[in-house]
Amino acid sequence: MTDAYRQIVDSATTGIAALDARNYITIANPQMADMLGCTIAELTGRSLAEFLDYPTPAVSIPRDQYDWKLRRKDGADLWVIANITPMNDEKGEYAGAVCVFTDITERKLAERQLVHDALTGLPTRPLLLDRLANSLARPRSSSGSISAILYLDLDRFKLVNDSLGHAVGDKLLVIVARRLELCVRPGDFVARSGGDEFVLLLEELKTPAEAETVAVRVLQEMLKPAVLNGHELIVTASIGIALCAGQSKTPEDILRDADTAMYRAKASGKARLAWFDPHAPLQPVDRLRIETDLRRALDRGEFWVEYQPIMRLQDRSLFAYEALLRWKHPQRGAVSPVEFIPVAEETYQILPIGWWVLEEACRTFHDWDSRLEIPDGVAMHVNLSGLQFMEPDLIERIENILERTSLDPGRLKLEITETVFIEQAISNRASLAALKDLGVRLVVDDFGTGHSSLSYLSRFPVEMLKIAGSFVAGLGQDTGNTEIVRAVLNLSQRLHMQVIAEGIETQEQSDILSEMRCTLGQGYLLSQPLKASDAELLLTYIA
Ligand code: C2E
Ligand code: MG
Ligand code: MG
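Right, let's walk through the structure included here. Treat the numbers as computed from the prediction; the structure is a model and nothing was measured. (Residues numbered from 1 in each chain as written. Chains lettered and ligands numbered in written order. Predicted model: local features only at pLDDT ≥ 70, side-chain atom pairs only at ≥ 80, totals over all residues. Heavy atoms only, no water.)

Observations regarding the coordination of the magnesium ion (ligand 3)
No. 1: Within the first shell, the magnesium ion (ligand 3) binds the protein through Asp-445 (OD), Asp-446 (OD), Glu-502 (OE) and Glu-502 (OE), at distances of 2.2 to 2.3 Å.
No. 2: Summarised as a motif, the one-chain spacing of the donors to the magnesium ion (ligand 3) is D-D-x55-E. (Donors = N, O, S within 2.8 Å, 3.2 Å for Na, K, Ca; no water.)

Some remarks on the coordination of the magnesium ion (ligand 2)
No. 1: Bound to the magnesium ion (ligand 2) are the protein donor atoms Glu-322 (OE), Asn-383 (OD1), Glu-415 (OE) and Asp-445 (OD), situated 2.0 to 2.3 Å from the metal.
No. 2: Spacing between the donor residues of the magnesium ion (ligand 2) along the chain follows E-x60-N-x31-E-x29-D.
No. 3: In this model, the magnesium ion (ligand 2) sits 4.0 Å from the magnesium ion (ligand 3), the two metals being bridged by Asp-445. Within this pair, whereas Glu-322 is found in strand E14 (residues 318-329), its partner Glu-415 is found in strand E17 (residues 412-417), the two being separated by 93 residues in sequence.
No. 4: Owing to a relative accessible area of 3%, Glu-322 belongs among the buried residues under this scheme. (Helix = DSSP H or I, 4+ residues; strand = E, 2+ residues; numbered from the N terminus. Buried < 20%, exposed > 50% of the residue type's maximum accessible area, 1.4 Å probe, protein only.)

Details of the pairing of strand E6 (residues 146-154)
No. 1: Burial of E6 is extensive: nine of the nine residues sit out of reach of the surface.
No. 2: Burial along E6 is two-sided: the residues Ile-146, Ala-148, Leu-150, Leu-152 and Leu-154 and Ser-147, Ile-149, Tyr-151 and Asp-153 are all buried.
No. 3: Inspection of the sheet shows E6 paired to strand E8 (residues 197-205) by seven bridges, in the antiparallel sense. The residue bridging Leu-152 from the neighbouring strand is Phe-198, located in E8.
No. 4: Here E6 pairs with strand E11 (residues 237-243) via seven bridges, running antiparallel. Within E11, the position partnered with Leu-150 by the bridge is Ile-241. (Pairing = 2+ DSSP bridges.)

Observations concerning the nonpolar core
No. 1: Judged by nonpolar contacts, the single largest core of 79 residues is most densely connected at Tyr-321, Ile-398, Leu-412, Leu-414 and Phe-421.
No. 2: A total of ten residues in this core trace back to one element, the largest contributor, which is helix H12 (residues 350-372).
No. 3: Aside from chain neighbours lying at most four places away, what touches Ile-398 is Trp-355, Leu-358, Leu-412, Leu-414, Leu-435, Leu-438 and Val-440.
No. 4: Formed by 34 residues, the second largest nonpolar core is a distinct cluster that contains Leu-152, Ala-177, Ala-226 and Leu-228. (Core = buried A, V, L, I, M, F, W, Y, C linked by side-chain atoms within 4.5 Å. Contact = heavy atoms within 4.5 Å.)

Brief notes about helix H6 (residues 157-164)
No. 1: For H6, the full list of buried residues reads Phe-157, Val-160 and Asn-161. The arc that holds every buried residue of H6, seen down its axis, measures 95 degrees, which confines them to one face. Every exposed residue of H6 that faces more than 90 degrees away from the buried side is listed here: Lys-158, Leu-159, Asp-162 and Ser-163.
No. 2: A positive phi of about 100 degrees marks Gly-165, the residue just after H6. (Arc of directions from axis to C-beta.)

Considering the environment of Gln-498
No. 1: Considering the arrangement of structural elements, one finds Gln-498 in strand E20 (residues 498-501).
No. 2: For Gln-498, a relative accessible area of 38% puts it in the partly exposed group.
No. 3: Each C-alpha atom, one on Gln-498 and one on Val-462, is 9.6 Å from the other, the two residues being 36 residues apart in sequence.
No. 4: Setting aside its immediate chain neighbours within four residues, Gln-498 contacts Phe-319, Glu-463, Met-464, Leu-465 and Leu-520.

The structure is reproduced here in structure tokens:
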């Protein structure tokens, strides 16, 4: 190291050390030595692992920032935020690392003072996270024992609080805390993670089934009536279980897994347990969770819109775009509309969300048009939920959006699923007519899935329908499906309705559709849904 570098390293206020491939210290600055309570000479040549408060894997370090607990030479605790930058040799193998430690012992000790809940005396979340971090950092002991988290939430606790008062609610929480302590073994850890939520960390389990046994014991313990101010109460709880396993999982990850499982237990009927299932990250029973998170998604800007081209099959020129809503959940990543749109409809959140999509799509299309002069006839399709259709001020809303975004109504087509269309066409005829007067056209989406007939549709102001992808998927394979598609195409041609085939994935499907004189299509074969910027790019040379 040059003198200049040495000076920089030595004058840093953080502890800095370099490690070799075996994690032995090769260089350390005075601050590092101070923190660990020894001299630089004493540090060099020793393994960093000797200072860690728990055994850590000897080999390379997977993540780069840790909350680490170390032991000073004098035996005192040292808490640091450790920033570790691993280095590889030419062969790409781990060659050591540079560590920068920031001392956070004082902060940790201060937190320790607050880590016990005043009401129940149980440890709170920070202590739980520490304990969990230790549990995760410990390599599986030779006996192969495992750890698990039980995440418990009382059912209908709010009802107790609201009807009997907070004092009774508090007493109940204390009773629950004492019962939980009875259900675990001495080494286990019971914490209150907030409100009516408790967390049990079970260590040294031989099998996952043992965690379930404890959970069942807790559920049974809860069923015993509690007498509070003369009221006899039975409270039940829902429990989610997650194993503390998985190389890359943080304590927060594990808690979230268990929490997710707990929601599933609640959604499937309360007073029961559920395992976290990594292969089913978003089952219908996660609805409760989606519902909560959807409420915030619009404000937090978690939605965006993608545009899938609808093309002429003959030459793949652009006929229209369909706007498709996308949601990136902060923890789960992308969630499919197939999962969340039904929840949004059930909870009426589709109204603000759906109007947002319409405005976004109209604005985007007008933007493109002002820059590129989109050829006449190319339109923007937007999906409209049945609930949007039922809004009393439907026409006004659409008019307002068109006005605000300066989009020509002739550019807009609204897709409504077949079932909704039929219901609305009967009960809401006036709206259909008003939309037509406005110059906005209607498309029947997912045609064929709703048991309706073409002749029926022909009586309403609709010029276009989309054959559901499930029929297109069977083309050439399934004669039944093929015949349905043929019949729909024949009749729609006679009724002068345009048809778009959805979900075209193979050239064979496209060829069969062309043979049947279907001219318009949409699907992965032609193009995936595109980000707005890519859709604009495509417009520059395809339209
Ligand atoms: P949809 O309106 O029938 O949209 C077509 C769906 O098929 C889209 O799924 C699209 O990504 C998908 N798709 C396109 N090409 C292919 C293909 O080749 N193969 C297969 N298997 N699928 C293909 P996505 O985006 O997941 O949307 C699903 C449904 O969610 C939509 O079906 C629509 O009913 C609803 N949806 C999406 N965005 C909105 C929205 O803004 N408002 C409302 N109300 N519903 C929406
Ligand atoms: Mg659609
Ligand atoms: Mg469709």
